[in-house]
Amino acid sequence: MLVKLGSGQHVTNRRWIDQFLPISPLCVIFAWVSGDSGEQNGDWMMQMPEPDQQVMARRDAICAELRQLVPAASVVSSAEGRRAYDADGLSAYRQLPLAVVLPETVEQIAAVMKYCHAEGIKVVPRGAGTSLSGGALPLADAVLLGLGKFNRILDIDYANRCVVAQPGVTNLAITHAVQDQGFYYAPDPSSQIACSVGGNVAENSGGVHCLKYGLTTNNLLGIELVTIEGEILRLGGKHLDAGDYDLMGVMTGSEGLLGIVSEVTLRILQKPATQRALLVGFDDTAAAATAVGDVIGAGIIPAGMEMMDGLAINAAEDFVHAGYPRDAAALIIVELDGPAVEVDALIERVAKIMDRAGASSLKVSTSEEERNLFWAGRKSAFPAVGRISPDYLCMDGTIPRRRLPDMMVLMATLSQKYGLRVANVFHAGDGNLHPLILFDANQPGELARAEDFGADILRGCVEMGGVLTGEHGVGVEKRDLMSIQFTEDDMKQQQRLKCAFDANHLLNPGKVFPHLHRCAELGRLHVHKGKMPFPDLPRF
């Protein structure tokens with residue numbers, strides 16, 4: 001396959017890309033290429049900001065100056081070392097960073113940020129690198145600032161039901177730290193064994209239990225933040241909601257565009273007295289999708305309600321052996337928690353709703369081990385699908401629950417149109433979709449078709465009254481689709497907010513916004529025929 005680089009040079013084999021990139025700092029177009037045919041893999045390419053050649057020419061000097069701010073071993077400058085950071089979870093996009101810096105203290109983060117701001121050097125923050133939207137994709141002229149060394153839990157406060165942790169602590173480690181006292185951290189992305197809590201804040205991550213207990217933003221009490229100027233700020237804390245502007249809400253889900261989170265204060269919850277799960281099979285995916293809305297419509301809010309289609313069911317069953325019904329066209333997992341009497345009553349109500357909707361099988365967990373096994377299949381769905389396809393593209397859109405049946409029809413139609421299989425895994429309770437589009441990057445044109453397939457799914461989400469992303473973020477993956485959901489004025493207003501934090505667009509550029517505007521341009525007042533808009537408003 002053929003990848004075109006910004007220097008006009010071409011590489012004709014995926015195996016040689018890693019050897020080529022270190023000596024090609026002009027690479028501004030990214031593509032995942034593979035195979036030996038010498039043909040281009042479709043016409044799919046991702047345009048990124050043109051690298052600053054003056055900054056790149058100073059790379060050795062910049063690395064030397066960074067070593068004055070952090071321990072020398074914390075600056076990775078070799079091509080071999082930087083290659084470990086050339087992509088995140090969206091591995092279709094790759095680029096060696098200018099340098100990698102791994103600070104150990106918040107003061108070191110501040111010093112690096114202050115230096116980069118003064119020198120006009122871009123900064124790309126990176127947590128665990130599990131982003132599925134390309135949020136941590138490096139730039140050839142940017143310092144990649146990794147937070148992997150910030151991996152300590154600083155305080156566990158049971159009286160205030162919170163944990164203070166550094167951003168590199170993994171999501172699951174929070175629960176492990178408090179579970180012996182009967183507590184847990186509710187947001188639980190499928191990647192919770194690897195993803196970091198700092199990255200969760202950047203993307204506003206959710207998980208299978210966010211239906212009842214909320215996303216990261218609903219479980220975040222406070223953050224410590226380092227601005228691009230090197231200023232250290234604290235927002236929120238162990239107390240309840242503060243007054244004034246909700247700056248912590250602004251930071252949550254900002255994808256590294258406004259600042260770097262250096263500490264988090266997270267709410268922990270007491271483990272419910274009883275947790276049980278129902279495993280419900282359906283012969284028809286539309287009937288299963290309708291059943292989801294029926295449960296919520298009955299006033300029942302499960303702890304989690306997930307849906308999988310036949311392809312995902314069998315892949316997960318082969319991988320985990322959870323006892324999933326292989327002949328089902330769709331599977332719904334419903335978890336109910338609370339006092340035992342309440343859970344028993346809710347199970348009976350949900351079972352009746354599922355039966356009326358046309359369920360073909362229903363199984364209720366009878367032990368904690370069985371409940372965990374039900375969930376193990378769902379949480380292993382992504383790696384399980386990786387066993388049945390050389391490559392897959394994981395999408396992330398959200399729709400109103402009532403439109404789930406329509407979305408299932410649309411995806412079946414698109415699968416036929418593009419000639420690609422799709423395995424569906426949904427956070428069905430809140431309408432957050434994660435269709436996995438299966439393709440083979442070795443086959444010419446399949447990656448381009450997968451990208452187009454995914455774009456059509458996201459267009460469908462917006463047309464059905466939903467949004468482009470539920471929890472994976474925009475990054476580079478959905479950047480060029482932002483105009484589907486937002487007007488140009490909407491995006492300019494969002495960029496004005498970025499300008500308040502990062503006037504020079506040094507933090508994570510090339511992400512989220514398809515077109516960047518200079519902050520001075522966004523602040524201009526349009527005067528038409530000598531008249532200002534809204535002349536009746538007082539101006540200061």
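We now turn to the structure provided with this report. None of these values were measured; they are calculated from a predicted model. (Residues numbered from 1 in each chain as written. Predicted model: local features only at pLDDT ≥ 70, side-chain atom pairs only at ≥ 80, totals over all residues. Heavy atoms only, no water.)

### What about the environment of Gly253?
Inference 1: With respect to the helices and strands, Gly253 occurs in the loop between helix 9 (247-251) and strand 14 (260-267).
Inference 2: The partly exposed category is assigned to Gly253, whose relative accessible area is 30%.
Inference 3: Residues contacting Gly253, with those up to four places away along its chain left out, are Val201, Ala202, Glu203 and Asn204. (Helix = DSSP H or I, 4+ residues; strand = E, 2+ residues; numbered from the N terminus. Buried < 20%, exposed > 50% of the residue type's maximum accessible area, 1.4 Å probe, protein only. Contact = heavy atoms within 4.5 Å.)

### Things to note about helix 6 (residues 171-178)
Inference 1: Looking at helix 6, one finds that the buried residues are Asn171, Ile174, Thr175 and Val178. In a view along the axis of helix 6, the buried residues occupy a sector of 90°, so they form one face of it. (Arc of directions from axis to C-beta.)

### A closer look at unusual backbone geometry
Inference 1: Despite not being glycine, Arg161 has its phi angle at roughly 50°, a positive value.
Inference 2: Counting through the fold element by element, Arg161 comes out in the loop between strand 9 (153-157) and strand 10 (162-165).
Inference 3: Relative accessible area serves as the criterion here: at 39%, Arg161 is assigned to the partly exposed category.
Inference 4: Despite not being glycine, Glu255 shows a phi value in the positive range, around 60°.
Inference 5: Here Glu255 shows up in the loop between helix 9 and strand 14.
Inference 6: Judged by its relative accessible area of 9%, Glu255 falls in the buried class.

### Thoughts on the packing of helix 10 (residues 285-297) against helix 15 (residues 404-418)
Inference 1: Between helix 10 and helix 15, whose axes approach to 8 Å, the crossing angle comes to 150°. When the axes of helix 10 and helix 15 are compared, the pair comes out roughly antiparallel. Our pair here, helix 10 against helix 15, has a crossing hand that is right-handed. Only Leu404, Pro405 and Met408 of helix 15 make contact with helix 10, whose side of the interface consists of Thr285, Ala286, Ala289, Thr290 and Val292.
Inference 2: Among the residues making up the contact of helix 10 with helix 15, the classes are represented as 6 nonpolar, 2 polar and no charged. (Axes fitted to C-alpha atoms, helices over the stretch in contact; angles between N-to-C directions. Parallel < 35°, antiparallel > 145°, perpendicular 65-115°, else oblique. Left-handed = near helix turned anticlockwise from the far one by under 90°. Nonpolar A, V, L, I, M, F, W, Y, C, P; charged D, E, K, R; others polar.)

### Re the packing of helix 10 against helix 12 (residues 340-357)
Inference 1: For the pair helix 10 and helix 12, the least separation of the axes is 9 Å and the interaxial angle reads 145°. Our pair here, helix 10 against helix 12, has a crossing hand that is right-handed. Contacts from Ala287, Ala291, Asp294 and Val295 in helix 10 reach Val350, Ile353, Met354 and Ala357 in helix 12.
Inference 2: The class makeup of the residues in the contact of helix 10 with helix 12 is 7 nonpolar, no polar and 1 charged.

### Overview of the pairing of strand 9
Inference 1: Examined bridge by bridge, strand 9 and strand 10 share 4 bridges and lie antiparallel to one another. From the neighbouring strand, Asp155 faces strand 10, where its bridge partner is Val164.
Inference 2: Where strand 9 folds back on strand 10, the antiparallel hairpin that results is connected by 4 residues, among which Arg161 adopts a positive phi of roughly 50°. (Pairing = 2+ DSSP bridges.)

### Here's the deal with the sheet that holds strand 17 (residues 304-309)
Pairing between the strands of a sheet comes from backbone hydrogen bonds, and it takes one of two forms, parallel or antiparallel.
Inference 1: Spatial strand order, 19-16-18-17-23-24-21: 7 strands in an open sheet with antiparallel pairing. In this open sheet, the two strands that pair with only one neighbour each are strand 19 (359-364) and strand 21 (397-398).

### Notes on the environment of Pro97
Inference 1: Relative to the helices and strands, Pro97 is located in the loop between helix 4 (79-83) and strand 6 (99-101).
Inference 2: Its relative accessible area of 1% is what places Pro97 among the buried residues.
Inference 3: Residues Pro97 and Leu144 lie 47 residues apart in sequence; the distance between their C-alpha atoms is 6.2 Å.
Inference 4: Not counting residues up to four positions away in its chain, the partners in contact with Pro97 are Arg82, Tyr85, Pro138, Leu139, Ala140, Ala142 and Leu144.

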